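Observations on chain architecture
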Amino acid sequence: MMHRLKTDKIDSEVDAIEVVQTGDGEEVKVDNLESNNENDCGSEEDEIDDDTDVNSDAIGSDCDVDAVGKCVLDTYAALKVQGKPKSKSNEWTVLAGFVLFHRMTKELETVSLATGCKCLGHELIDSTGNVVIDCHAEVLARRGLILYLLDQLKRASGKRDSILWFDKEAKKYFIPTQKYEFHLYISQAPCGDGSIFPVVTSVLGKSWSDIGERVGSDNELNCNKHKQPKTSIISMVPVVDVHRTGAKPVPSGEQDRCEEGMRFHTLGCMRTKPGRGPPSRSMSCSDKIMRWTYLGIQGALLSCVMKPVYLCSISIGDLFDRDALVRAICSRIGSILPCGMFFHNPPLIVQSSHLFANSQVATENLLSHVWHTTTSTSTSTP
């Protein structure tokens, strides 16, 4: 499959909105729908069946979801070394990327990716808006995706190649799901409720609880008397615990119990990310992704001129637990009724077989492999 990285930019978000306001009269009709791109209807390959609702969201995906992670990782590998973690220094980060799937050509295209795992505390917020507060990979990648959609908006209004179509009745742009899908890859489970799941130490005493949360020094939990269990390498007794997150419950909600084992965390509550120093006011990535399943990934500004854009799938690399992710991303707001053009549209959640080489799990679990000729077996040592 072809992997392409979009690099086009636009001057400003304001310019994109002004173009939309002056471009409504440019019509290329498809039933009651319009496309401002002549190429969208210019060939038999791109034509959509008349019996199909172009604006329908209930469409089964024929995308190879596991290839989404490979597409993002290949794009990341093609970037310059500058700014990437240094393996010799045991540096690590989190990678997230949005991938556009072209259903007609079966092509995957990375349109935005980012790395990051930092978040500023509320005392460091700049009132001028010149400082990016939340620098987690998922949030930064979505910022890049919004820039990509703004560029597509400008291109559509100028009759250039674009993934956006125009609905004359609704007077809004939209992305035809028969032609395009968006997928998200994250190198490890998002912080917050999606990172809380049962863990059992293995025979050698290693478990996810030995690895800890992505935030590093920010992983000082608000109940310091209960530390992560450290199991001896000779331990043979399985110990059930819970993988813990550094994200704190919002002050107005139910707080963590901070009891031993599975009762340490309160499941399903809204959480804020731990900041560098003072606490942050940014919601956890689990909470933000959950919001996208109802409001879409296009953001508030683009919602004024286009219909919601929903993810078809989310692929997770390390720290994958299906029950925890479904609970955090899908189930918590499953009972909310549709409101206007917004509705709950939970994505498919899968574990990716393509892992990120610069992740925390990979960095902290570097092993030396020794092959014994006498026993024809191999052993691994930290």
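Cut-offs applied
Residues numbered from 1 in each chain as written. Predicted model: local features only at pLDDT ≥ 70, side-chain atom pairs only at ≥ 80, totals over all residues. Heavy atoms only, no water. Core = buried A, V, L, I, M, F, W, Y, C linked by side-chain atoms within 4.5 Å. Buried < 20%, exposed > 50% of the residue type's maximum accessible area, 1.4 Å probe, protein only. Helix = DSSP H or I, 4+ residues; strand = E, 2+ residues; numbered from the N terminus. Contact = heavy atoms within 4.5 Å. Pairing = 2+ DSSP bridges. Phe/Tyr/Trp six-rings, centres within 6.5 Å; stacked < 30°, edge-to-face > 60°.

Here's the deal with the nonpolar core
- Phe98, Ile163, Ile175 and Phe182 are the most contacted members of the largest nonpolar core, which has 48 residues in total.
- Every element with two or more residues in this core is listed here: strand 3 (95-102), strand 4 (107-115), helix 3 (137-157), strand 9 (180-188), helix 4 (285-295), strand 14 (311-318) and helix 6 (322-329).
- With nine residues, the top contributor of residues to this core is helix 3.
- Ignoring anything within four residues of it in the chain, the contact list for Ile175 reads Leu149, Ile163, Leu164, Tyr180, Phe182, Met306 and Val309.
- Among the nonpolar cores identified, the runner-up in size contains 14 residues, and Cys63, Ala67, Leu73 and Leu113 belong to it.

Points about the pairing of strand 9
- The buried count for strand 9 comes to nine of nine residues, which makes it a mostly enclosed element.
- The sheet contact formed by strand 3 and strand 9 spans seven bridges and is antiparallel. Pairing of Phe101 across the sheet is with Glu181, part of strand 9.
- Where strand 9 lies against strand 14, six bridges are found, and the strand directions are parallel. Residue pairing across strands places Ile186 opposite Ile316, the latter belonging to strand 14.

Here we look at the packing of aromatic side chains
- With the rule as written, the count across this model stands at four aromatic pairs.
- Note on Tyr76 and Phe356: the rings are 5.1 Å apart at their centroids and 85° apart in plane angle, and the pair reads as edge-to-face. Note that Tyr76 is positioned in helix 2 (residues 66-78) and Phe356 in the loop between strand 15 (348-351) and helix 7 (360-364), a separation of 280 residues in sequence. No difference in accessibility class separates Tyr76 from Phe356, as the two residues are buried.

Keep in mind these values describe shape, not function.
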